[in-house]
Amino acid sequence: KHMPNPTFAQNMKNAILADLQSLVQSGVLNSAFADEMTKVNPLDRNWPGSPSAVVIPPTVSNSEFYDTATNLREYTWYIMVVTTPDNIPSTDPTYLEGLIDNLLQVFDNDVTLQGMAIGGVQPAILEAPGPVNSGTTTYVIFYIQLKGKQLVPAAVQ
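What counts, and where the lines are drawn
Residues numbered from 1 in each chain as written. Predicted model: local features only at pLDDT ≥ 70, side-chain atom pairs only at ≥ 80, totals over all residues. Heavy atoms only, no water. Helix = DSSP H or I, 4+ residues; strand = E, 2+ residues; numbered from the N terminus. Buried < 20%, exposed > 50% of the residue type's maximum accessible area, 1.4 Å probe, protein only. Contact = heavy atoms within 4.5 Å. Pairing = 2+ DSSP bridges. Core = buried A, V, L, I, M, F, W, Y, C linked by side-chain atoms within 4.5 Å. Expected span 1.5 Å × (residues − 1). Salt bridge = Lys/Arg side-chain N within 4 Å of Asp/Glu carboxyl O.

**Q** Residue-level account of the overall build of the protein, with values.
**A** A tally of helices and strands in the protein yields 2 helices and 6 strands. For the protein, the α and β elements follow one another from N to C terminus as α-β-β-β-α-β-β-β. With the principal axes as the frame, the protein shows a C-alpha extent of 60 × 30 × 25 Å. When the 157 residues of the protein are sorted by exposure, 41% land in the buried category. Pairs at least 24 residues apart make up 60% of the contacts formed inside the protein by residues separated by at least 6 positions.

As structure tokens, this is what we get:
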């Protein structure tokens, strides 16, 4: 079912995907897309190539009254970045660090997610990149967490 007007979360997600798409165009990423939540294991899909970034729907980590007419809502987004050991050049021991910095930089350069997170965005790497086995394939995965704040209308008391 399609909603008539994009919601705050939908607008943020579209901005995140647009930022990631710029990294596809510059050659940092092979692909960027949203997780459609059809797989129990998010790795269980046909990957278009490596590295890929997958945007996972957000949690709302905080929502508090900002003033009588608005709430300040904080969305926490997760981006799963997936590559394979074969895709990591053996001649470049700093490849993953470069990938991490390129991903963080695109969000550092767009702190409002194209105006959709007026409270700013803080990107962070959640855990060290590491190998994960899924089926017969080994992937190297890390997660980026984005916290974006937005003022949303609230009932006036």
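Having seen the structure, we can now continue with the description.
**Q** Account for the pairing of strand β6 (residues 137-153), with residues named and values stated.
**A** Of the pairings in the sheet, the one linking strand β3 (residues 70-83) to β6 comprises 14 bridges and is antiparallel in character. Note on β6: the bridge partner recorded for Y75 is G148. Of the strand pairs in this sheet, strand β4 (residues 121-125) and β6 are connected by 5 bridges, and their pairing is antiparallel. Its bridge partner lying in β6, A124 is registered against Q145. The pairing of strand β5 (residues 130-134) with β6 spans 5 bridges and is antiparallel. Bridging from a neighbouring strand, N133 pairs with T138 of β6. From the end of β5 to the start of β6, which pair antiparallel, there are 2 residues, and G135 there has a positive phi angle of about 60°.

**Q** Please set out the nonpolar core residue by residue, giving values where relevant.
**A** Formed by 32 residues in total, the largest nonpolar core has its most connected members in I16, L20, L29, I79, L99 and L103. For this core, the secondary-structure elements that each account for two or more residues are α1 (8-25), β2 (52-65), β3, α2 (95-108) and β6. The residues contacting I16, other than those within four sequence positions of it, are V55, W77, I79, F107, L113 and L146.

**Q** I'd like a rundown of unusual backbone geometry, residues and numbers included.
**A** Going from S50 to P51, the amide bond is cis rather than trans, its omega being -10°. Following the sequence through the fold, P51 ends up in the loop between β1 (31-34) and β2. One non-glycine residue, M37, lies in the positive phi region at around 60°. Position of M37 relative to the elements: it lies in the loop between β1 and β2.

**Q** Give a description of α1 that names residues and reports values.
**A** Along its 18 residues, α1 runs 26 Å from first to last C-alpha, staying within 8% of the 26 Å computed at 1.5 Å per residue. Buried residues along α1 sit in contact with β1, β2, β3, α2 and β6. G27, located one to two residues past α1, shows a positive phi value of around 90°.

**Q** I'd like to hear about the pattern of salt bridges, residue by residue, with values.
**A** On inspection of all chains with the given rule, the structure shows 2 salt bridges. Across the salt bridge formed by R45 and D35, the nearest N and O atoms sit 3.2 Å from each other. A residue pair is termed long-range when its members are at least 10 positions apart, and R45 in the loop between β1 and β2 and D35 in the loop between β1 and β2 qualify at 10 residues. This pair shows no difference in class: R45 is buried, exactly as D35 is. A salt bridge links R45 to E36; the shortest N-O distance between them is 3.4 Å. A relative accessible area of 13% places R45 in the buried class.

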